[in-house]
Amino acid sequence: MRPIFVASASFLAALALGGPALAQDAPEPKVNQLIIYGDDKCPVADGEDTITVCARKAEAERYRIPSALRESASPQNEAWTNRVMAYERVGRTGTMSCTPVGAGGWTGCSGKLIEAAYAEKKGAPDVKFSELIAEERARRLSTIDKDAADTQARVEALEKEIEARQKARAEEAAKQEAPQPN
């Protein structure tokens, strides 16, 4: 009789404690996650059991492949030229190899550092002063012929004015030196 009493008591305790849990088994609301672009409006939730969450991105991103798929560090996405160069350098030892193995292995380290620096400089998105200087030089040189022609024309005009003045002075001086009829 005692085992039946223990089983009944444990069943009743489970019902008493589990009652509130059974009452809370309401269906979870459905979550609608959207990405909207530019000035698009976020749609309104359809009902009380739906939650709509919108993430806004720039209009320029509308037809692009998502960034999670564009950028990958996967070895499958590595360029073949990089793979080939890596295979060429495997096992390279000795002079100009930048390894601790072989005579003169250290000699290639500075070369590798220089190559890496130039590669970084070439691919850097920052301001490239050499390009800016070259563009400004080209802009200035594009107008140098016109500027030179304008300057030459001004000089020639001034020379003509000076010659005309000198000629007028010479004629005036000649008139003053000539004998005056009485």
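Owing to the predicted nature of the structure, the values given are computational and were not obtained by experimental measurement.

Undergrad: Looking at this structure, I do not really get the side chain of Thr50. What am I missing?
TA: Considering the arrangement of structural elements, one finds Thr50 in strand β2 (residues 50-57). Excluding its chain neighbours within four sequence positions, the residues that come into contact with Thr50 are Lys30, Asn32 and Ala45.

Undergrad: Help me out: how do you make sense of the packing of aromatic side chains in this one?
TA: Note on aromatic pairs: each is described by the distance of the centres and the angle between the planes. Across all of its chains, the model carries zero aromatic pairs by this definition. A cation over an aromatic ring shows up here: Arg83 above the ring of Trp80, its NZ or CZ 4.7 Å from the ring centre.

Undergrad: What is the right way to look at helix α4 (residues 109-123) in this model?
TA: Each α-helix winds once per 3.6 residues, and so residues spaced three or four apart point in a common direction. For α4, which comprises 15 residues, the first-to-last C-alpha distance of 21 Å matches the rise-based estimate of 21 Å (1.5 Å per residue) to within 8%. Counting buried positions along α4 gives zero out of 15 residues, so the element sits mostly on the surface.

Undergrad: What exactly am I supposed to notice about the environment of Arg56 here?
TA: Position of Arg56 relative to the elements: it lies in strand β2. For Arg56 and Lys41, which are 15 residues apart along the polypeptide, the C-alpha to C-alpha distance reads 9.5 Å. Not counting chain neighbours up to four residues away, the residues in contact with Arg56 comprise Ile36, Gly38, Asp39 and Asp40. Engagement of the side chain of Arg56 in a polar contact is seen with the backbone oxygen of Gly38, the distance being 2.6 Å. Of the polar contacts made by the side chain of Arg56, one reaches the backbone oxygen of Asp40; its length is 3.0 Å.

Cut-off values and rules
- Residues numbered from 1 in each chain as written.
- Predicted model: local features only at pLDDT ≥ 70, side-chain atom pairs only at ≥ 80, totals over all residues.
- Heavy atoms only, no water.
- Helix = DSSP H or I, 4+ residues; strand = E, 2+ residues; numbered from the N terminus.
- Contact = heavy atoms within 4.5 Å.
- Phe/Tyr/Trp six-rings, centres within 6.5 Å; stacked < 30°, edge-to-face > 60°.
- Lys NZ or Arg CZ within 6 Å of the ring centre and 35° of its normal.
- Expected span 1.5 Å × (residues − 1).
- Buried < 20%, exposed > 50% of the residue type's maximum accessible area, 1.4 Å probe, protein only.
- Polar contact = N/O pair within 3.5 Å; in protein donor to acceptor, adjacent residues only side chain to side chain.

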